[in-house]
Amino acid sequence: MLEQELKDIWNNSSQTGQISIETNQLVEELNTKIISIQKKIRIRDNTEITASVIGILIFGYLFYEIPFPITKAACALAIIWFVFIIFKFRKSKIQNTKNSFHLSLTKQLKQQKATMQQQADLLDSATYWYAIPPFIMNFIFILGLGNPSDYNWVNSLAENILPLSVNLKTVTIIGLALFYAYAIWINKRALNKDVKPTIESIEKMQQQIKNE
Amino acid sequence: MGKQKDDKYFEGILERNKYKIYRICNIYAVAPIEPQDLFQEVVFQIWKSLDKFKGKSSIDTWVYKISINVCLRSKMKFDKSNNKTDRFESIHFTPIEKEIDASKQEKFTYLKECISTLNETDTSLIVLYLDDLSYKEIAAVTGLSENHIAVKMKRIRKKLFECITPKIT
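Residues numbered from 1 in each chain as written. Chains lettered and ligands numbered in written order. Predicted model: local features only at pLDDT ≥ 70, side-chain atom pairs only at ≥ 80, totals over all residues.

A. Summary view of the overall build of chain A. Each helix and strand counted, chain A has seven helices and one strand in total. Ordered by position from the N terminus, the helices and strands of chain A form the series α-β-α-α-α-α-α-α. At 27 Å, chain A has a C-alpha radius of gyration far larger than the 17 Å of a compact globule built from 212 residues. Seen through its principal axes, chain A has C-alpha atoms that stretch 95 × 45 × 25 Å. (Helix = DSSP H or I, 4+ residues; strand = E, 2+ residues; numbered from the N terminus. Rg over C-alpha atoms; globule rule 2.2 N^0.38 Å.)

Put into structure tokens, the structure is as follows:
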């Protein structure tokens, strides 16, 4: 009796209002939303790729222009690193765009956990692929900068931008160290504040499902 | 299945299921998210995932899967990007003009209160149960075995009855 009464209460709960849907207009709005989301994803992807391509062009130019061998080697490493970053981001995005809403609750949670775990691994390891390598490359790049006149190198633009004196080198390296330390902190914060709690929530729900 | 994205087909799905979806959204919505926001997110995900429907279960059971997954993710704040979305102009929620039975309304408030004492997964099981889904259908939505659901439902029902009986009798 109580069971049927509860079901009636439940079913009556949606009778307090009416939902009317204009399907033709809705389909247009849904398609617009899909296009808008795809556009945003494309812009975000292109922005990241463009940033890396700009980095490749800058270091490519420096590789060609700068005569100092150690700095040249750092430029080559930087180009390789930028290419690696493009592939790393693309791979992680492909894995993250899987839509799992149509799966059963248990499968959806499993997939959601796998996706979050990938994000956690990416953020957790960012120090070793996103911060330390470019810092080392920048360090080598700066350390390798010598006296342009020793190589008969004349390039006013590069001379004005590059930290050629010891003082400028020290300040730049300290600045870079602080910047990359901040980048590491941002990643760790995102990991501990957002991703880890989400994984814990998913695990908690998986445990709730397992329990009888 | 070329007709899957057919507007009429989609319209049929929504017409049959809109109040069921809304009831689920109404239970899971936590401020600042409103049931209407969740409702339109469910509609959006149905439209987006329609191509993936393979016909292993009925389309209405499949709609439950999407509704539960979307609502649960929103409640657990898994999808921070979907916290608040622009409302679709094509979906209208209109309160019914006739006088609402205060006693029914009060009983629903009690039911909602008692459901809120359950954990997230028990909540999803009880809403499917209250919507009169069979254990087989609940199994299809949740991915659990029918036996497991039967055992869990026994415990959940007991808890719910203990909570609500003194309130509505």
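Now, onward.
B. Inspection of unusual backbone geometry at higher detail. The step from Ala31 of chain B to Pro32 of chain B runs through a cis peptide bond, and the omega angle for that step is 10°. Backbone geometry at Asn152 of chain A places phi at a positive 55°, although glycine is not the residue there. Summarising the element assignment, Asn152 of chain A is placed in the loop between helix H5 (126-144) and helix H6 (156-161). In this structure Asn152 of chain A comes out as exposed when scored by C-beta crowding, with 7 C-beta atoms within 10 Å. Positioned with a positive phi, Asp132 of chain B is a non-glycine residue whose angle comes to about 70°. By the element assignment, Asp132 of chain B lies in the loop between helix H5 (120-130) and helix H6 (135-142). (Buried ≥ 20, exposed ≤ 12 C-beta atoms within 10 Å, placed from the backbone.)

C. Structural view of the domain arrangement of chain B. Residues and elements named next belong to chain B. By the assigned domains, chain B splits into domain 1 (1-87) and domain 2 (98-169). Taken together, the contacts link eleven residues of domain 1 with eleven residues of domain 2. Elements supplying a minimum of two residues to the side of domain 1 that touches domain 2: helix H1 (7-28) and helix H3 (59-75). Here the side of domain 1 that touches domain 2 gets six residues from one element, more than from any other, and that element is H3. Tallied by class, residues from the side of domain 1 that touches domain 2 come to six nonpolar, two polar and three charged. (Domains from an automatic or database assignment. Contact = placed C-beta atoms within 7 Å. Nonpolar A, V, L, I, M, F, W, Y, C, P; charged D, E, K, R; others polar.)

D. Main features of the interface of chain A and chain B. Of the residues lining the interface, 40 residues belong to chain A; the matching set on chain B comes to 55 residues. Breaking the side of chain A that touches chain B down by element, the ones donating at least two residues are helix H1 (2-12), strand E1 (17-21), helix H2 (23-65), helix H4 (105-124) and helix H7 (166-210) of chain A. Of the residues belonging to the side of chain A that touches chain B, the class tally is 14 nonpolar, 20 polar and six charged. Relative to strand E1 (residues 91-95) of chain B, E1 of chain A runs antiparallel, the two being bridged by five bridges. Residue pairing in the sheet places Ile21 of chain A in a bridge with Ile91 of chain B of E1 of chain B. (Pairing = 2+ DSSP bridges.)

E. Just the packing of H6 of chain B against helix H7 (residues 146-168) of chain B, in detail. Residue and element names in this part refer to chain B. Relative orientation of the contacting elements H6 and H7 amounts to 105°, with a least axis distance of 9 Å. When the axes of H6 and H7 are compared, the pair comes out roughly perpendicular. Across the interface between the two elements, Tyr135, Lys136, Ile138 and Ala139 of H6 pack against Glu146, Ile149 and Ala150 of H7. Here the residues of the contact of H6 with H7 sort into five nonpolar, no polar and two charged. (Axes fitted to C-alpha atoms, helices over the stretch in contact; angles between N-to-C directions. Parallel < 35°, antiparallel > 145°, perpendicular 65-115°, else oblique.)

F. Inspection of H7 of chain A at higher detail. With 45 residues, H7 of chain A extends 63 Å from end C-alpha to end C-alpha; this agrees with the ideal 66 Å at 1.5 Å per step. For H7 of chain A, the principal kink sits at Leu191 of chain A and spans about 35°. Taken residue by residue, H7 of chain A has Thr198, Ile202, Met205 and Ile209 of chain A as its buried positions. Turning to H7 of chain A, the residues buried within the fold contact H4 of chain A together with H5 of chain B. (Expected span 1.5 Å × (residues − 1). Bend = angle between axes of the 7 residues up to and from the residue.)

G. Quick look at the nonpolar core. Among the nonpolar cores identified, the biggest contains 56 residues, and Ile24, Cys25, Leu38, Val42, Cys71 and Ile126 of chain B are the most heavily contacted of them. Counting residues per element, this core draws most heavily on H1 of chain B, at nine residues. In terms of domain composition, this core takes at least three residues from each of domain 1 (1-87) and domain 2 (98-169) of chain B. The next biggest cluster of nonpolar side chains, apart from the first, holds 15 residues, and it includes Ala78, Trp81, Phe82 and Leu162 of chain A. (Core = buried A, V, L, I, M, F, W, Y, C linked by C-beta atoms within 7 Å.)

H. View of the confidence of the model for chain A. Taken as a whole, chain A shows an average pLDDT of 89; of its residues, 96% reach a score of 70 or greater. For chain A, the element scoring lowest by mean pLDDT is H6 of chain A, at 78; H5 of chain A scores highest, at 94. (pLDDT = per-residue confidence, 0-100.)

I. View of helix H2 (residues 35-49) of chain B. The terminal C-alpha atoms of H2 of chain B lie 21 Å apart, and with 15 residues this matches the ideal 21 Å at 1.5 Å per residue to within 8%. Burial within H2 of chain B is extensive, with eleven of its 15 residues counted as buried. Those residues of H2 of chain B not exposed but buried are Pro35, Leu38, Phe39, Gln40, Glu41, Val42, Val43, Phe44, Gln45, Ile46 and Trp47 of chain B. Residues of H2 of chain B that are buried sit in contact with H2 of chain A together with H1, H3 and E1 of chain B.

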